[in-house]
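Analysis of the macromolecular model
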Amino acid sequence: MAVVVLAKFGIPAIRYVRADRDGRRVLRKAWKIKATWRRTARRVGLTQSERVGPPWWKTTAQTQPVYRQLAPVIRVRAEPWGVRVDASTVGKLGLAEFQNAADYLAAAWRVRQVRVEQVLPGLLRLRALLRDPLTEPTRWTDCPTLDTQGDPLQWRAGIDADGQPVTIRTSEVSGVVVAGLAGYGKTSFLNARFCQLAPSPAVQFVLIDGKGGPDYDELFRRAWLCAKDDSQRVRDVLRDVHALMIARQQNIRAVLGVKNAWHVGPSESWPLVIVVIDEAHTFFHETKRNDTESKQLDALARESARLVEELVRKGRNVAIQVVLATQKATGDAVPTKIRDNCQVAVSFAQRTSEAATAVLGADISGSPDAHPRRLQDSAYIGVASMVAAGRPGFTLVRTPYVPDETADAIADRTAHLVRDPMRLLLDESTGATP
Ligand SMILES: Nc1ncnc2c1ncn2[C@@H]1O[C@H](COP(=O)(O)OP(=O)(O)O)[C@@H](O)[C@H]1O
Ligand SMILES: [Mg+2]
């Protein structure tokens, strides 16, 4: 009997027999999706009708035009999380039509969600999710590709729904905004970047923590400058970084022989200066009250905003990069002059479309699957939507969790690499050896 079944169904049957309970469920689902595809496509409006000529054997004149329903060609594959369906686009059936039909497909296939993404021109990838791979947390140490000495030119952000690494371009970048509701992983995401780059002598950090808690205490050891939520101290730190920017601008031709430091890349003597400002909205908030103390604080907020704005706008060619993390990226919290000049934007969960649009731009409304509003579930802590290098549209990325002990240990191990970039510049420009 078994031989007959195997002979009839061949390899799929062997796979089925070998699979565990979840694997069998996925395989059954995949077969069903494939077997019923033409009917499902018709029902959810994913067919295109095409007029065809009469068959060659008909000799009588055709009075009624004949139409045929074309369904997109699909290839189905079972994955651990559900069924991957690659569909070729046909005529006017493209990404938008599939996205509009996604909820109907999910109902027809009886799966949690169907996510649609364009992988190549003419090819869409549908994920019929029995469980979402993005809901499975990864740790920084679990990702061997992330565990190497970081590259200042790109940011290994995490992995996508297929487990493939996702990178963000960070060369020629002077501003990065990381936004999202509190507790969804912004600080951990910045820690991952810190851990990647701390072992590199070609990177110096300025760490500013608006939360004022202990989050950054240990990391400060690897920072050129640091501050907590003391507005005056923050303003002073920003002034120092701004002074560095001006000095670098005046000396770049003489020291590096180029006008843009990215053309030669960050080095030990001309390090990339990463200015992390966590809970950045804290420093831009103006009370607009009339008492003396409020006026002083407001003046500090205005000056900090102006300094950050100039760093973001002019810091690119001298390798200064500001990374702002904030719970609120709307114009009332972070001046739009700062936010909109940042070349890279990343958003963890958001409550409203306005908040998502403020960070990622209006295009995000055309990507419902990667919309940060969909991430409002504790299963999506650590998942962010972003524009990744070499990928069209927005990508959802599972970022690795960095345990505090790991980050602390790296800061400790690399603390000896801290240098004052201003001192380095003076040494270079006067020709003295460090
Ligand atoms: N990438 C992640 N994967 C899994 N859990 C995470 C991740 N990032 C953060 N968390 C969890 O969420 C908590 C809050 O993260 P945190 O980075 O402090 O959020 P935020 O800075 O956005 O308020 C962390 O203490 C951790 O338990
Ligand atoms: Mg935080």
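You'll find the chain entered in an unreviewed UniProt entry as FtsK domain-containing protein, with Couchioplanes caeruleus subsp. caeruleus given as the organism.

Concerning the nonpolar core
By size, the foremost hydrophobic cluster in this structure holds 93 residues, and its most contacted members are Ile208 and Ile277. At eight residues, the largest contribution of residues to this core is made by helix H6 (residues 231-256). Contact partners of Ile208, with chain neighbours within four places excluded, come to Ala227, Lys228, Val234, Val237, Leu238, Val275, Val276, Ile277, Asp278 and Phe283. Ala71, Val83, Val116 and Leu124 belong to the second largest nonpolar core, which has 28 residues in total.

Concerning the sheet that holds strand E5 (residues 113-120)
An order of E3-E4-E6-E5 is seen for the four strands of this open sheet, with the pairing classed as antiparallel. Of all strands in the sheet, those bounded by a partner on one side alone are strand E3 (74-79) and E5. Strand-to-strand, the axes of this sheet are offset by a mean angle of 20°, without reference to chain direction. Docked against the sheet, helix H4 (residues 95-109) engages strand E4 (82-88), E5 and strand E6 (123-129), running at close to 145° with respect to E5.

Quick look at the domain arrangement of the chain
Domain parsing of the chain yields domain 1 (2-54 + 66-131) and domain 2 (136-430). Each side of the interface is counted separately: domain 1 has twelve residues, and domain 2 has ten residues. The junction of domain 1 with domain 2 conceals about 880 Å² of combined surface from both sides, 30% of it contributed by carbon and sulfur atoms. The interface formed by domain 1 and domain 2 includes three salt bridges. Applying the counting rule to domain 1 against domain 2 returns three residue pairs in polar contact (both at pLDDT 80 or more). Elements represented by at least two residues in the side of domain 1 that touches domain 2 include exactly H4, E5 and E6. With five residues, E5 is the single largest residue contributor to the side of domain 1 that touches domain 2. Taken together, the residues that form the side of domain 1 that touches domain 2 break down as three nonpolar, three polar and six charged.

Some points on the pairing of strand E16 (residues 395-398)
The two faces of a sheet get side chains in turn, since along a regular strand they alternate between them. The side-chain alternation of E16 yields two buried faces, one formed by Thr395 and Val397 and the other by Leu396 and Arg398. Summarising the sheet, strand E15 (residues 383-386) and E16 pair through four bridges and their orientation is antiparallel. Directly across from Met386, in E16, lies its bridge partner Thr395.

Some remarks on the UniProt feature "binding site: ATP" (unreviewed entry) in the chain
Residues annotated by UniProt as "binding site: ATP" (unreviewed entry) correspond here to Gly180, Leu181, Ala182, Gly183, Tyr184, Gly185, Lys186 and Thr187. Relative to the assigned elements, Gly183 resides in the loop between strand E9 (175-179) and helix H5 (186-197). The exposure class assigned to Gly183 is exposed, which follows from its relative accessible area of 59%. Position of Gly185 relative to the elements: it lies in the loop between E9 and H5. Taking the relative accessible area as the measure of exposure, Gly185 reaches 18% and is therefore buried.

Section: the UniProt feature "domain: FtsK" (unreviewed entry) in the chain
Residues annotated in UniProt with the feature "domain: FtsK" (unreviewed entry) correspond here to residues 163-357. Annotated as residues 163-357, this span is 38% helix and 21% strand, and its ends, taken at the C-alpha atoms, are 27 Å apart.

Considering the packing of H6 against helix H12 (residues 421-430)
At a closest axis distance of 10 Å, the pairing of H6 and H12 adopts a crossing angle of 25°. The orientation of H6 with respect to H12, classified from their angle, is roughly parallel. The two elements H6 and H12 meet at a crossing, and its hand is left-handed. From H6, Ala243, Leu244, Ala247, Arg248, Asn251 and Val255 reach across to H12, where they touch Pro421, Met422, Leu425, Glu428 and Ser429. A breakdown of the residues in the contact of H6 with H12 according to their chemical character gives seven nonpolar, two polar and two charged.

What counts, and where the lines are drawn
- Residues numbered from 1 in each chain as written.
- Chains lettered and ligands numbered in written order.
- Predicted model: local features only at pLDDT ≥ 70, side-chain atom pairs only at ≥ 80, totals over all residues.
- Heavy atoms only, no water.
- Core = buried A, V, L, I, M, F, W, Y, C linked by side-chain atoms within 4.5 Å.
- Buried < 20%, exposed > 50% of the residue type's maximum accessible area, 1.4 Å probe, protein only.
- Helix = DSSP H or I, 4+ residues; strand = E, 2+ residues; numbered from the N terminus.
- Contact = heavy atoms within 4.5 Å.
- Pairing = 2+ DSSP bridges.
- Axes fitted to C-alpha atoms, helices over the stretch in contact; angles between N-to-C directions.
- Domains from an automatic or database assignment.
- Buried area = accessible area lost by both parts, 1.4 Å probe.
- Salt bridge = Lys/Arg side-chain N within 4 Å of Asp/Glu carboxyl O.
- Polar contact = N/O pair within 3.5 Å; in protein donor to acceptor, adjacent residues only side chain to side chain.
- Nonpolar A, V, L, I, M, F, W, Y, C, P; charged D, E, K, R; others polar.
- UniProt positions renumbered as here; feature names shortened; annotations may be inferred.
- Parallel < 35°, antiparallel > 145°, perpendicular 65-115°, else oblique.
- Left-handed = near helix turned anticlockwise from the far one by under 90°.

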